[in-house]
Amino acid sequence: MLEKKPVIFLFLATVVILIGTAVTMIAPFKWINDPKLKIAEVKPYTALQLEGRDIYIREGCNNCHTQTVRPLLADVERYGEYSKVGEFVYDQPHLWGSRRTGPDLARIGGKYPDAWHLKHMVDPQSMVPRSNMPKYAFLQQPLDTSLTERKMKTLKFPYTPEELAALKGKSELDAMVAYLQKLGSDIPWRKAAQAAVLGDLKNPFLDNKTVLPEGKAIYEKECAQCHGADLKGGVGRALADIDKPDTYIFKTVFGGIPAGGMPAFGDSLGKDRIWKVASFLKSRQAH
Amino acid sequence: MNQKEGYADEVVKGFITWSLVWGVVAVLLGVVISLQLAYPQLNLPPYLSYGRLRPIHTNAGIFGWGVGSFMAFFIYITQRLTKTKLWSPGLAKFQLWLFNVIIASAAVTLMLGMTRSKEYAELEWPIALLIVVLWVIFSINIIMTIIKRKEEQMYISLWYIMAALIGVAVLYLVNNAGIPVSLTKSYSAYAGANDANVQWWYGHNAVAMVLTAPPLALFYYFLPKSTGVPIFSHRMGVIAFWSLIFMYLWTGAHHLLWTPVPDWVQTLAMAFSVMLIAPSWASVFNGYFSMNGQWHQMRENYLVKFFIFGITFYGLQTIQGPSQAVRTFSAFIHYTDWIPGHVHMGTLGWVSLIIFASIYYVVPKIYGKEIYSIPLVNLHFWLAVTGQLIFSITMWIAGVQQATMLNATNSDGSLHYSFMETLVEMYPYWYGRAFGGIIYFVSMLIFVYNIVKTINGNSTIAATKKA
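Residues numbered from 1 in each chain as written. Chains lettered and ligands numbered in written order. Predicted model: local features only at pLDDT ≥ 70, side-chain atom pairs only at ≥ 80, totals over all residues. Heavy atoms only, no water.

Describing the overall build of chain A
Okay, step 1: Helix and strand counts for chain A come out as 13 helices and zero strands.
Okay, step 2: The helix and strand sequence of chain A, counted from the amino end, reads α-α-α-α-α-α-α-α-α-α-α-α-α.
Okay, step 3: Taking 19 Å as the expected radius of gyration for a compact globule of 287 residues, we find that chain A reaches 24 Å, considerably beyond that expectation.
Okay, step 4: Across its three principal axes, chain A shows a C-alpha extent of roughly 90 × 50 × 35 Å.
Okay, step 5: By the burial criterion, 53% of the 287 residues in chain A qualify as buried.
Okay, step 6: Taking as baseline every contact in chain A between residues at least 6 positions apart, the subset at least 24 positions apart corresponds to 73%.
Okay, step 7: Here chain A has roughly 13,400 Å² of accessible surface; of this, 60% comes from carbon and sulfur atoms.
Okay, step 8: Of note, chain A has its 40 positive side-chain charges centred 3 Å away from the centre of its 32 negative side-chain charges. (Helix = DSSP H or I, 4+ residues; strand = E, 2+ residues; numbered from the N terminus. Rg over C-alpha atoms; globule rule 2.2 N^0.38 Å. Buried < 20%, exposed > 50% of the residue type's maximum accessible area, 1.4 Å probe, protein only. Contact = heavy atoms within 4.5 Å. Areas by Shrake-Rupley, 256 points an atom, 1.4 Å probe, with all protein chains shown as cover. Lys, Arg positive; Asp, Glu negative; His and termini not counted. Charge placed at Lys NZ, Arg CZ, Asp CG, Glu CD.)

Observations regarding helix 15 (residues 338-367) of chain B
Residues and elements named next belong to chain B.
Okay, step 1: For helix 15, which comprises 30 residues, the first-to-last C-alpha distance of 42 Å matches the rise-based estimate of 44 Å (1.5 Å per residue) to within 8%.
Okay, step 2: Bending of helix 15 peaks at approximately 35° at the position of Ser352.
Okay, step 3: Where burial is concerned, most of helix 15 is hidden: 27 out of the 30 residues are buried. (Expected span 1.5 Å × (residues − 1). Bend = angle between axes of the 7 residues up to and from the residue.)

Thoughts on the pairing of strand 1 (residues 178-182) of chain B
Residue and element names in this part refer to chain B.
Okay, step 1: With four bridges connecting them, strand 1 and strand 2 (residues 185-188) associate as antiparallel partners. In the sheet register, Gly178 faces strand 2, and the bridge partner there is Ser188.
Okay, step 2: In sequence, strand 1 turns back onto strand 2 through a hairpin of two residues. (Pairing = 2+ DSSP bridges.)

A word on the packing of aromatic side chains
When we look at a pair of aromatic rings, we describe it by the centre distance and by the angle of the planes.
Residue and element names in this part refer to chain B.
Okay, step 1: All chains considered together, the criterion is met by 57 aromatic pairs over all chains.
Okay, step 2: With 5.6 Å between their ring centres and 75° between their planes, Phe73 and Phe222 make a pair best called edge-to-face. Taken together, the positions of Phe73 in helix 3 (residues 50-82) and Phe222 in helix 8 (residues 213-227) put the pair 149 residues apart, joining distant regions of the chain.
Okay, step 3: Relative accessible area serves as the criterion here: at 0%, Phe73 is assigned to the buried category.
Okay, step 4: You can call Phe222 buried: its relative accessible area is 0%.
Okay, step 5: Their ring planes at 85° and their centres at 4.8 Å tell us that Phe381 and Trp382 sit as a pair that is edge-to-face.
Okay, step 6: Its relative accessible area of 46% is what places Trp382 among the partly exposed residues.
Okay, step 7: An aromatic cluster of at least three residues, connected via ring pairs, comprises Trp65, Phe306, Phe309, Phe313, Phe356, Tyr360, Phe381, Trp382, Tyr440 and Phe447. (Phe/Tyr/Trp six-rings, centres within 6.5 Å; stacked < 30°, edge-to-face > 60°.)

Overview of the interface of chain B and chain A
Okay, step 1: With 96 residues of chain B in contact, the opposing surface of chain A contributes 89 residues.
Okay, step 2: Each partner contributes to the roughly 7,700 Å² buried at the junction of chain B and chain A, and carbon and sulfur atoms together form 65% of this total.
Okay, step 3: Three residues stand out in chain B for area buried against chain A, namely Tyr187, Tyr335 and Leu415 of chain B, and they jointly supply 11% of the buried area on that side.
Okay, step 4: Linking chain B to chain A there are four salt bridges.
Okay, step 5: Salt-bridge contacts for Lys185 of chain B lead to Asp54 of chain A; the nearest nitrogen and oxygen are separated by 3.0 Å.
Okay, step 6: Connecting chain B to chain A are 35 residue pairs in polar contact (both at pLDDT 80 or more).
Okay, step 7: Per-element tally for the side of chain B that touches chain A: the top contributor is helix 7 (residues 192-209) of chain B, with eleven residues.
Okay, step 8: Of the residues assigned to the side of chain B that touches chain A, the class counts are 57 nonpolar, 27 polar and twelve charged. (Buried area = accessible area lost by both parts, 1.4 Å probe. Salt bridge = Lys/Arg side-chain N within 4 Å of Asp/Glu carboxyl O. Polar contact = N/O pair within 3.5 Å; in protein donor to acceptor, adjacent residues only side chain to side chain. Nonpolar A, V, L, I, M, F, W, Y, C, P; charged D, E, K, R; others polar.)

Some thoughts on the side chain of Glu222 of chain A
Okay, step 1: Its location among the elements puts Glu222 of chain A in helix 11 (residues 212-227).
Okay, step 2: Of the buried charged residues, Glu222 of chain A lacks a salt bridge, with Lys221 of chain A as the closest side chain of opposite charge at 5.6 Å.
Okay, step 3: In this structure, Glu222 of chain A is in contact with Phe265 and Leu269 of chain A together with Ser418 of chain B, ignoring residues within four places of it in sequence.

Topic: the domain arrangement of chain A
Okay, step 1: Segmentation of chain A into domains returns domain 1 (2-33), domain 2 (47-187) and domain 3 (195-283).
Okay, step 2: Between domain 1 of chain A and domain 2 of chain A, the C-alpha centre-to-centre distance is 37 Å. (Domains from an automatic or database assignment.)

Things to note about the environment of Ile311 of chain B
Residues and elements named next belong to chain B.
Okay, step 1: With respect to the helices and strands, Ile311 occurs in helix 13 (residues 304-324).
Okay, step 2: Remark: the alpha-carbon pair of Ile311 and Val181, spanning 130 residues in sequence, is separated by 45 Å.
Okay, step 3: Setting aside anything within four residues of it in sequence, one finds Ile311 in contact with Leu216, Phe219, Ser283, Val284, Tyr288 and Trp350.

Describing the nonpolar core
Okay, step 1: Counting residues in hydrophobic clusters, the biggest one holds 155 residues, and the most contacted among them are Tyr160, Phe222, Phe356 and Ile359 of chain B.
Okay, step 2: In terms of residue count, helix 15 of chain B provides more of this core than any other element does, 17 residues in total.
Okay, step 3: There are two domains that each give this core at least three residues, and those are domain 1 (2-33) and domain 2 (47-187) of chain A.
Okay, step 4: Contact partners of Phe356 of chain B, with chain neighbours within four places excluded, come to Trp65, Phe306, His380, Ala384, Tyr440, Met444 and Phe447 of chain B.
Okay, step 5: Counting 52 residues, the second largest nonpolar core, distinct from the first, contains Ala47, Ile57 and Tyr179 of chain A together with Val181 of chain B. (Core = buried A, V, L, I, M, F, W, Y, C linked by side-chain atoms within 4.5 Å.)

Let's talk about helix 3 of chain B
Residues and elements named next belong to chain B.
Okay, step 1: Given a rise of 1.5 Å per residue, 33 residues ought to cover 48 Å, and the 45 Å separating the end C-alpha atoms of helix 3 matches this to within 8%.
Okay, step 2: The axis of helix 3 is deflected most strongly, by about 30°, at Ala60.
Okay, step 3: Within helix 3, 32 of the 33 residues are buried, which leaves the element mostly enclosed by the surrounding structure.
Okay, step 4: Immediately downstream of helix 3, the backbone of Lys83 shows phi near 55°, a positive value.

Following this line, the structure appears as structure tokens:
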């Protein structure tokens, strides 16, 4: 009988569609907007960061990069602390993505120094050989700021006239890097992760020359892009004549120097391989 | 024939023609961006970079090719099932113009970087508004035709058509809510996890209301038309219909497993995704059982194999989908190339095979011409299936390999591979995918050639033959 009454049919079909909608699309607003999930440290985007985010959207970066770290071992070790609901409250739209052709960027903020990003965006392959990321050298063009104030007002983000004036002379690339450096860095997770790592330290490969080739190979893959293939430095400091104990090198590589732009490699390389790199660096000491 | 019955078929011709155009564009762009992933130097920023072209590929495929041909067949099927001429042919003609303006401006604006970034809802607000107008015009025309129908009983295809009209309207309006900044820039009305949850409620149900209900409407109509035998079970169709449109709406968050969206939403999505196997497979079995005693038609009738392979890919798709929606498997496979492999089995295998067959069935009828070449139809079929299988199987292997590498750890708990070490292993698979895509593109060209030759050909269907 329903097959003979199109209006009733349409009404019923709508009701059926709205049941699941109400439970799984409308109701979750209440859970997600729970004030307990707010994170005080998470701040709105500055004018420069917001412009960078809009360039990220314009270029479709979200087609290859996700922005959510899942609470899974491999995700947390590779990218950092898992993502919290309160970290995204200023994201209109969200940029979580659906495919990781490139790595997740939810915690990219503070991982590399600005200089690394500037070089990498212009020519990704110069920093990461065999990367399939397109070159974004054209982002060196001047930033269009004609809509910035309206954007900040639309999203109700706080700003000052000085902040807007400071955008003059910035390039799109500057805005993009400012945005990337903010990502995931509002909460102090890097410091927390760094403090937890160390135990009794002693180089297990002391005077063991057989590990040097592997140490060199790891160096070339992971370190040379910033410290130079010849250890003479670049984005990072020169290492050719590093006069530091093995344990210092180990600690630095393992935990990184958050303030200085040195990434932490503890979770991705592990202790063994870091000791091998340390042994290699010591073997290259000039004196 | 049809003209005597007075059906409005001119606009059906228009929609078929334009969906062919957008279909070729979509597949060609798919080949281009698959090559860009394998050879990054093929990116020509700013306009021709992967990040800007990929949304044009998906929009041209889903909306240009998919929705374009569904508009043609909804108009064609509705008139015949209601034994009533389309309520307003003039409105339908306007609809065709508007449709093409929208798809063309979508392609241009996306290339210019005007995007809202939410998948399958990228178009900026002025175009989104035009889409709302388009959909309202279309829905009114179809629903008014149904209301004024001469055949009292509404066949199941009409149910799926009506559900799709309503479903798309609800989804599109909610997910596209935004706050304009200028004519070419707007921000989503929702923030963060809310926005993600609304987006995937939309995204997954676009699969339901655009890529499942409409091809099922076509399948239930054109399979019996092609084979000459009725659908196996009306009752099974009824149960499948209501449970499908009920359950689908609960499953969006399976795209968001392990994200900050509330756990209970994810769990519900997981459970309903697994339950969806039942209504999906009810349609698959309805197709298979309709072939009882008719399996010889797979050899003899050049259309039937499209429908049966299509519904088979639908069946495989609706087993694979629910398994990906389970937390443990999602943790492993999500974000890898497995997913594009899965998606393209649905779009290239299921949806497109059904559309191909429907076009092959309808074009000779509305133009009154014999099909130009059946051997070319068969060649098209086998190339399409081969290309699609190369694409999907390559991507499944790639996904499993990358997932395994990303999860590999050393004895001290550290990760065994850096991200780049897993990425460089993907290159051979990306070459393979592009190869599969090129084969599929060639099959599309053969298809279009055959249709054009049919339309322009001289071999009219003999007057004695039934339409």
